[in-house]
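# Summary of structural features
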Amino acid sequence: MSLFGRGSPTSSGGVNHERIEMAVNEIDMVSDVFNRIVSSCHSKCISPRYAEGDLNKGESVCIDRCVAKFFEVNKKVGEKMQSAGANAQATGASTFSL
Amino acid sequence: MSLFGRGSPTSSGGVNHERIEMAVNEIDMVSDVFNRIVSSCHSKCISPRYAEGDLNKGESVCIDRCVAKFFEVNKKVGEKMQSAGANAQATGASTFSL
Amino acid sequence: MSLFGRGSPTSSGGVNHERIEMAVNEIDMVSDVFNRIVSSCHSKCISPRYAEGDLNKGESVCIDRCVAKFFEVNKKVGEKMQSAGANAQATGASTFSL
Amino acid sequence: MDFSQFNSAEQAHMTKIIEKKQMQDFLRLYSGLVERCFNTCCNDFTSKALSSKEEQCVLNCSDKFLKHSERVGQRFAELNAEAMGPPKP
Amino acid sequence: MDFSQFNSAEQAHMTKIIEKKQMQDFLRLYSGLVERCFNTCCNDFTSKALSSKEEQCVLNCSDKFLKHSERVGQRFAELNAEAMGPPKP
Amino acid sequence: MDFSQFNSAEQAHMTKIIEKKQMQDFLRLYSGLVERCFNTCCNDFTSKALSSKEEQCVLNCSDKFLKHSERVGQRFAELNAEAMGPPKP
């Protein structure tokens, strides 16, 4: 789940702000993905009848597979994006001009 | 709609940053809940036909009850979470490691 | 897509923080609108069958019209809000009290 | 919300934060309204121009949405005040 | 995530940021849960009171949601650790 | 957007803010794409492995999504420039 290289450890002693910012980006990304998995796999696996509060066997197994499959999709898309990445970023850039 | 205790008023004169941060968390939370109520009760109460721009009687009454019921649900869930809170937070914590 | 007047250029040399904040608000707004258009026009125009990776002719034309129509709606609503704006903002304000 | 235990520096700080938050909330309300009314009212993409029927729908939709969120705001403020309990004497 | 190359000042900084982020995530989880269970369980607005059937549904729904997100969290942590590769000796 | 009235310190500040915002937008686009293509393409949870049919669907879906958002970006930029009016001479 890492799109970013680690910055080279040039600074010592103080705080390397660029490195912090990249780490924060990575944390935001992981957290965003986690929340999307919670939501997607809830829709895919949890029956909305709510007759009881426990996960049943079928739901539990479904969750495990759902999370694994989401990771697979994330990986496939990540590989695709890494080649197409420059374009996509350029598209975003076209929204603003300075 | 308060999950947080008020920090004890230890600091005087300057700005107690922890207290500010808790207040900001509370504001973010209230604002988030408000936006979710607007959205949920719009789906529950407003007919998507849009033949006129005013709320009719039925829609108005529905909104009042919908907001009240959302508060009830929020309260019930809050009570439940306060006991289970520690667990849930630990779950979130497992996403990152330092 | 501009709801905000440009602040009068009173400050010179340093950074006018109010002006920066308004610009950041405007950027956030434009970016938010852009993301909503991407999502709405995807739902309106892209068939979820995914037999191929290219946009077909019909999808391409639909996207162009969809974006243009979204701008039209944004403009109409903006005109409406500018008159009703004060009210709406007051509503938001009622959520918090100091 | 009750900030009566805050000192004046803290209150000033909170006022600025709240003002900023309100602006952001207003903008999100605005673009959420546009998105919602567009999605509900616009379903014909054989033309890029808004038909008069679509335009009327959008105007009613945004009218209604604003009145809706105003009413939600009123109920919300009342229930929130209730939940916070009576102000200290 | 691996912050082993960070110096101690950076690690301290990250710890604070992560704590703040966790609090925000928890709050978003909470209000998302309320929204989801409200939308699924409450469909009768002839009364503003929660019926006992609605209440039971809400309690089961939030129970299940918490267990669901806990399980997702476990699988997520495992798969994330796998993706990051084995820790350096 | 027109920042021509900004002084150089303000322009430098805005450039940094915009770069940060673009990175965040790119990340949100990315995870939104994954979510959308997962939800559309994956409906069989009798196995945790991606079937070849699902994989093809995901690849086409993300291809199409990127082309879609690129095209939206082009139209958006044109219409935004139009709405801002011609640049001052």
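Criteria and thresholds
- Residues numbered from 1 in each chain as written.
- Chains lettered and ligands numbered in written order.
- Predicted model: local features only at pLDDT ≥ 70, side-chain atom pairs only at ≥ 80, totals over all residues.
- Heavy atoms only, no water.
- UniProt positions renumbered as here; feature names shortened; annotations may be inferred.
- Helix = DSSP H or I, 4+ residues; strand = E, 2+ residues; numbered from the N terminus.
- Rg over C-alpha atoms; globule rule 2.2 N^0.38 Å.
- Buried < 20%, exposed > 50% of the residue type's maximum accessible area, 1.4 Å probe, protein only.
- Areas by Shrake-Rupley, 256 points an atom, 1.4 Å probe, with all protein chains shown as cover.
- Lys, Arg positive; Asp, Glu negative; His and termini not counted.
- Charge placed at Lys NZ, Arg CZ, Asp CG, Glu CD.
- Contact = heavy atoms within 4.5 Å.
- Axes fitted to C-alpha atoms, helices over the stretch in contact; angles between N-to-C directions.
- Parallel < 35°, antiparallel > 145°, perpendicular 65-115°, else oblique.
- Left-handed = near helix turned anticlockwise from the far one by under 90°.
- Buried area = accessible area lost by both parts, 1.4 Å probe.
- Salt bridge = Lys/Arg side-chain N within 4 Å of Asp/Glu carboxyl O.
- Polar contact = N/O pair within 3.5 Å; in protein donor to acceptor, adjacent residues only side chain to side chain.
- Nonpolar A, V, L, I, M, F, W, Y, C, P; charged D, E, K, R; others polar.

As recorded by an unreviewed UniProt entry, chain D carries the name Mitochondrial import inner membrane translocase subunit and is attributed to Paxillus rubicundulus Ve08.2h10. Database annotation for chain D, UniProt heading Subunit (unreviewed entry): "Heterohexamer." Turning to chain D, the UniProt annotation filed under Subcellular location (unreviewed entry) states: "Mitochondrion inner membrane".

By the naming in an unreviewed UniProt entry, chain A is Mitochondrial import inner membrane translocase subunit, taken from Paxillus rubicundulus Ve08.2h10. You can read under Sequence similarities (unreviewed entry) in the UniProt record for chain A the words "Belongs to the small Tim family."

## As for the overall build of chain D
When its secondary structure is counted, chain D shows two helices and zero strands. For a compact globule of 89 residues, the expected C-alpha radius of gyration is about 12 Å, and chain D comes in at 19 Å, more than 25% above that figure. Dimensions along the principal axes, computed over C-alpha positions, put chain D at roughly 60 × 25 × 15 Å. Expressed as a percentage of the 89 residues in chain D, the buried residues total 46%. For chain D, the exposed surface amounts to about 4500 Å²; the carbon and sulfur share of it is 53%. The averaged location of the 12 negative side-chain charges in chain D is 2 Å from the averaged location of its 12 positive side-chain charges.

## Some words on the overall build of chain A
If you tally the helices and strands in chain A, you get two helices and zero strands. Per-residue burial over chain A gives 46% buried out of 98 residues. A sequence separation of at least 24 residues applies to 42% of the contacts in chain A between residues at least 6 apart. Accessible surface computed for chain A: about 4400 Å², of which carbon and sulfur atoms make up 50%.

## Thoughts on the packing of helix 1 (residues 17-45) of chain C against helix 1 (residues 8-41) of chain F
It is at 11 Å that the axes of helix 1 of chain C and helix 1 of chain F come closest, and there the two elements cross at 20°. Judged by the inter-axis angle, helix 1 of chain C sits roughly parallel to helix 1 of chain F. As helix 1 of chain C runs across helix 1 of chain F, the sense of the crossing is right-handed. Contact residues: helix 1 of chain C offers Arg19, Ile20, Ala23, Val24, Ile27, Asp28, Ser31, Asn35, Ser39, His42 and Ser43 of chain C, while helix 1 of chain F offers Glu10, His13, Met14, Ile17, Ile18, Lys21, Asp25 and Arg36 of chain F.

## Some thoughts on the interface of chain E and chain A
The partner chain A presents 43 residues to the 35 residues of chain E that form the contact. It is Lys64, His68 and Phe76 of chain E that lose the most area in chain E upon contact with chain A, and together they represent 21% of the buried surface on that side. Put simply, chain E and chain A have seven salt bridges between them. Asp54 of chain A is the salt-bridge partner of Lys67 of chain E, the closest N and O atoms lying 2.5 Å from each other. When residues of the side of chain E that touches chain A are traced back to their parent elements, those giving at least two are helix 1 (8-41) and helix 2 (52-84) of chain E.

## Brief notes about the pattern of salt bridges
For the structure shown, the criterion picks out 39 salt bridges over all chains. A salt bridge links Asp64 of chain A to Arg71 of chain E; the shortest N-O distance between them is 2.8 Å. With Asp64 of chain A in helix 2 (residues 57-93) and Arg71 of chain E in helix 2, this pair bridges two chains. The class for Arg71 of chain E is partly exposed, based on a relative accessible area of 23%. When salt bridges that share partners are traced, they join Asp64 of chain A together with Arg71, Arg75 and Glu78 of chain E into one network.

## Focus on the interface of chain E and chain B
Accessible area lost when the parts come together is the quantity often used to give the size of an interface. The partner chain B presents 36 residues to the 43 residues of chain E that form the contact. Together chain E and chain B conceal approximately 3800 Å² of surface at their shared face, both sides included; 69% is due to carbon and sulfur atoms. If you sort the residues of chain E by the area they bury against chain B, Tyr30, Phe38 and Phe45 of chain E come out on top, with a joint share of 18%. Counting across the interface, chain E meets chain B through four salt bridges. Lys69 of chain B is the salt-bridge partner of Glu54 of chain E, the closest N and O atoms lying 2.8 Å from each other. Across the chain E-chain B interface, the total number found is 14 residue pairs in polar contact (both at pLDDT 80 or more). Counted by class, the side of chain E that touches chain B contains 20 nonpolar, 14 polar and nine charged residues.

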